[in-house]
Amino acid sequence: MDQKPTYEELEFHIKELKSELARLQVSEERLRLAIDAVNDGVFDFDLKRGEVYFSPRYYTMLGYEPYEMPASRATWKDLLHPDDREKTVEYVNQQVANKEGWAIEFRLRTKDGKYRWIKGRGMVSEVDEKGNPCRRTGTHTDITERKEAEFEKEKLIKRLNEALKDVKTLGGLIPICSSCKKIRDDKGYWNQLEAYFEQHSTALFSHSLCPGCMDEIYGGDAWYMELKENDTEEGE
């Protein structure tokens, strides 16, 4: 017949249990503080025990009250943007099957019907006796502001590239008549110098006469001779 434990032994075991409970409470409090500090949502799918956990931040980053929706895989899939759902679920399933970690960006629906960009990270945190994954744990990080900044940058680059396409440049060998100075275009037509450059560059022309041409055209006119004489005197 087994001897019953003494009162002192029971008291000792009770103290040990209380001490262990206190350590667990401290550990849980530290974990809660750590989760709150990183501002990420935490998920834990324990298939072995049939338990699923979503942290309060998991809900609030989407505008919901903590635990407003059931913590389940179905909830996560339902919140996924229709364009992201199939590829995201397939990718996570594949990573879990391979017992590998994952990191993927997707959109989740908020309470007001809009969508926020989320970066989901996770890992297989437990396997069963046969080596099959039975628990997955991870975090959700709200990356909406970063994604919006990336989209704005992409739009800016696109506008810049479109603007660069509109900038006309000249290059290569340009056929030009040595007499009339007309330029032959790539279609074989001869164009005035100004017209050709305006079509193939962003340059604009301002017409005037150089000193040599002025002498050739107006050299015999009295007003021109007087103007040149006055310019010469002022220069001296």
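Everything discussed here concerns the structure shown above.
Criteria and thresholds
Residues numbered from 1 in each chain as written. Predicted model: local features only at pLDDT ≥ 70, side-chain atom pairs only at ≥ 80, totals over all residues. Heavy atoms only, no water. Helix = DSSP H or I, 4+ residues; strand = E, 2+ residues; numbered from the N terminus. Expected span 1.5 Å × (residues − 1). Buried < 20%, exposed > 50% of the residue type's maximum accessible area, 1.4 Å probe, protein only. Contact = heavy atoms within 4.5 Å. Phe/Tyr/Trp six-rings, centres within 6.5 Å; stacked < 30°, edge-to-face > 60°. Lys NZ or Arg CZ within 6 Å of the ring centre and 35° of its normal. Polar contact = N/O pair within 3.5 Å; in protein donor to acceptor, adjacent residues only side chain to side chain. Core = buried A, V, L, I, M, F, W, Y, C linked by side-chain atoms within 4.5 Å. Pairing = 2+ DSSP bridges. Axes fitted to C-alpha atoms, helices over the stretch in contact; angles between N-to-C directions.

Tell me about helix α4 (residues 82-97), residues and numbers included.
The first and last C-alpha atoms of α4 sit 23 Å apart over 16 residues, in line with the 22 Å expected at 1.5 Å per residue. Asp84, Thr88, Val89, Val92, Gln95 and Val96 are the residues of α4 that are buried. The secondary structure elements touched by the buried residues of α4 are α3 (73-79), β3 (102-109), β4 (115-127) and β5 (133-142). Looking one or two places after α4, you find Lys99, whose phi comes out positive at around 55 degrees.

Lay out the packing of aromatic side chains in plain terms, naming residues and giving numbers.
Under the defined criterion, the tally for this structure stands at eight aromatic pairs. Through a chain of ring-to-ring contacts, three or more aromatic side chains come together here, namely Phe43, Phe45, Phe54, Tyr58, Tyr59 and Tyr67. The positively charged end of Arg136 is found above the aromatic ring belonging to Phe45, 6.0 Å away from the centroid. Here the basic side chain of Lys147 rests over the ring of Trp117, its NZ or CZ set 4.5 Å away from the ring centre.

Quick rundown of the side chain of Asp46? Include the residues and the values.
Assignment of secondary structure puts Asp46 in strand β1 (residues 41-46). Looking at Asp46, its side chain comes within polar contact range of the side chain of Arg49, at 2.7 Å. With residues near it in sequence (within four places) discarded, Asp46 still touches Glu51, Cys134 and Arg135.

Let's hear about the nonpolar core: which residues, and what values?
Residues Trp76, Phe106 and Leu108 are the most contacted members of the largest nonpolar core, which totals 21 residues. Counting residues per element, the ones that place at least two in this core are β1, α2 (56-60), α3, α4, β3 and β4. Looking at this core, the element that brings in the most residues is β3, giving four residues. Setting aside chain neighbours within four positions, we find Trp76 in contact with Tyr58, Thr88, Val89, Val92, Phe106, Leu108 and His140.

Tell me about the sheet that holds β1, and please be specific about residues and values.
Strand pairing in a sheet is mediated by backbone hydrogen bonds. Such pairs are either parallel or antiparallel. Spatial ordering of the open sheet is given by β2-β1-β5-β4-β3, a layout of five strands whose pairing is antiparallel. Edge positions in the sheet fall to β2 (51-54) and β3, since each of these pairs with one other strand and no more. Neighbouring strand axes in the sheet, compared pairwise and without regard to direction, differ in orientation by 20 degrees on average. Of the strand pairs in this sheet, β3 and β4 are connected by eight bridges, and their pairing is antiparallel.

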